[in-house]
Amino acid sequence: MKDFAIHINRSEMKLGNEIPLLLKLRLKNLFKRNVKAEGRTLVINTCIIGDFLATLPALRTYIESTGRSVDLVVSPPLKHLAEAIRGVDHVFTARSVWDRLIEHAGGNKAPGGEYAHVQLLRTSPDADSLLKRIKYSSLGTYEGPYFKYIVHLVKSILFKTPLKQWREVSYEFVGLKEPARRPGFEDIFGFSEIDISAAAALPELSGGEKKVLIHSGSGWHIKLWENAKWADLLRKIHGSGNYKIIFIGSGAFEEASFNQIRDSLDFKIYSLVNKIDIGTTMLVMRLCDYFIGIDSGPRNMAHLADLRSITLLGPAPNNFMPVNPDDIVINKFDCRCKSLFYLHKISGMQKISADEVFENFRKLAKSKSGRN
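Because the structure is predicted, anything quoted here is derived from the model rather than measured.

(A) Layout of a nonpolar patch on the surface. On the surface, F4, I6, I8, M13 and L340 cluster together into a nonpolar patch covering about 480 Å² of accessible area. Within the fold, I8 resides in strand β1 (residues 4-8).

(B) Structural view of the sheet that holds strand β4 (residues 88-93). The strand order across the open sheet built from five strands is β4-β3-β2-β5-β6, with neighbouring strands paired in parallel fashion. At either end of the open sheet lies a strand with only one pairing partner, and these are β4 and β6 (135-140). Each adjacent strand pair in this sheet contributes to an overall mean axis angle of 25 degrees, direction not counted. Together, β2 (40-45), β3 (70-74), β4 and β5 (114-122) form the strand contacts of helix α2 (residues 49-66), whose direction differs from that of β2 by roughly 165 degrees.

(C) Highlighting the pairing of β5. With respect to burial, β5 is a largely interior element, seven of its nine residues being buried. Here β2 runs beside β5; their pairing, made up of six bridges, is parallel. Across the sheet, residue T41 finds its bridge partner in β5, namely H117. Across five bridges, the pairing between β5 and β6 is parallel. Considered in β6, the bridge of Q119 is made with G140. Handedness of the crossover joining β5 and β6 through helix α4 (residues 125-131) is recorded here as right-handed.

(D) How the structure looks around the side chain of E204. Looking at where E204 falls in the secondary structure, it is placed in the loop between α8 (193-200) and β7 (210-215). With relative accessibility at 11%, the residue E204 sits in the buried group. Of the polar contacts made by the side chain of E204, one reaches the side chain of K275; its length is 3.5 Å. If near-sequence neighbours (up to four positions away) are discounted, E204 is found in contact with K244, I246, Y270, S271, L272 and K275.

The rules behind the values
Residues numbered from 1 in each chain as written. Predicted model: local features only at pLDDT ≥ 70, side-chain atom pairs only at ≥ 80, totals over all residues. Heavy atoms only, no water. Patch = residues over 30% accessible without salt bridge, like charges linked within 9 Å, V, L, I, M, F, W, Y side chains within 5 Å. Areas by Shrake-Rupley, 256 points an atom, 1.4 Å probe, with all protein chains shown as cover. Salt bridge = Lys/Arg side-chain N within 4 Å of Asp/Glu carboxyl O. Helix = DSSP H or I, 4+ residues; strand = E, 2+ residues; numbered from the N terminus. Pairing = 2+ DSSP bridges. Axes fitted to C-alpha atoms, helices over the stretch in contact; angles between N-to-C directions. Contact = heavy atoms within 4.5 Å. Buried < 20%, exposed > 50% of the residue type's maximum accessible area, 1.4 Å probe, protein only. Right-handed = clockwise from strand over helix to strand, strands pointing away. Polar contact = N/O pair within 3.5 Å; in protein donor to acceptor, adjacent residues only side chain to side chain.

Structure below.
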């Protein structure tokens, strides 16, 4: 029992707040009087980065199915990225069920007026409160597929069977079948020329070296990799070729992590931590060659940007896996512990060596196929 310890991811436990909201809306739908409202469709999709990105193929397919543009509600940090989605007109904001500190910056912007239909992809208490301030004729919810997926998830954890990907489940949330060809980056986004030029002009992206993006942060300490190992890995990459190493991320912890790694190296590395928003980060990924990061939102961005990647996977249900077979996932967690809890004193991340990640980087560089 000396190897046993209880680590609880309290942030993930906030997901439980979504369930009573869905049940309340189901009851409201049963007893709701018909209200005649004209106008557009409003899609509510308030969630954190990784979850939001996984829903985007389904969201884009849904927008196409409506035959016209829609308005969209997202969590505040995602506003710039959401404004670039094809077929989205106005973007409003509401905090997600996680209610992270970054979501409080800049305040919320809520829709008004009336909508012919409101479709939920993900919701939250903040999003639920804005529904009371608008008029709508019909409401599409996702409690059926959501509860069905929870049962599927539990079975997968207990019996270690394959798990359906969140991007697949998102189609069920909007009542659609996944198309034979899932929308890719160019199908989903239509960034402005101003945004594209601004990202390309970042001084950190200058030069003819291959660009390697690094993301070292996570909201849960069990998923973190030691700074000393990051530094060791970067020395190996730097010595193996003409590479420019650029950190991305946000928050004081990730900035401190970069500073510590930088100070331990005898060559220059670069940082965009706290310098660019999520929309610009996505464009930066389109201009870079490789991504190495731990299990968090930016690695999901890399998957959607079709940026060749290495993910150091934490204890997770494995429902946000990359689409491209060239991308590499390193997973040392062989227990049934998942995103909500971890029952070992030492994190499985400590089993991952810098040598192992470097060998996989060499493999990735050798097999790079280019963007789809």
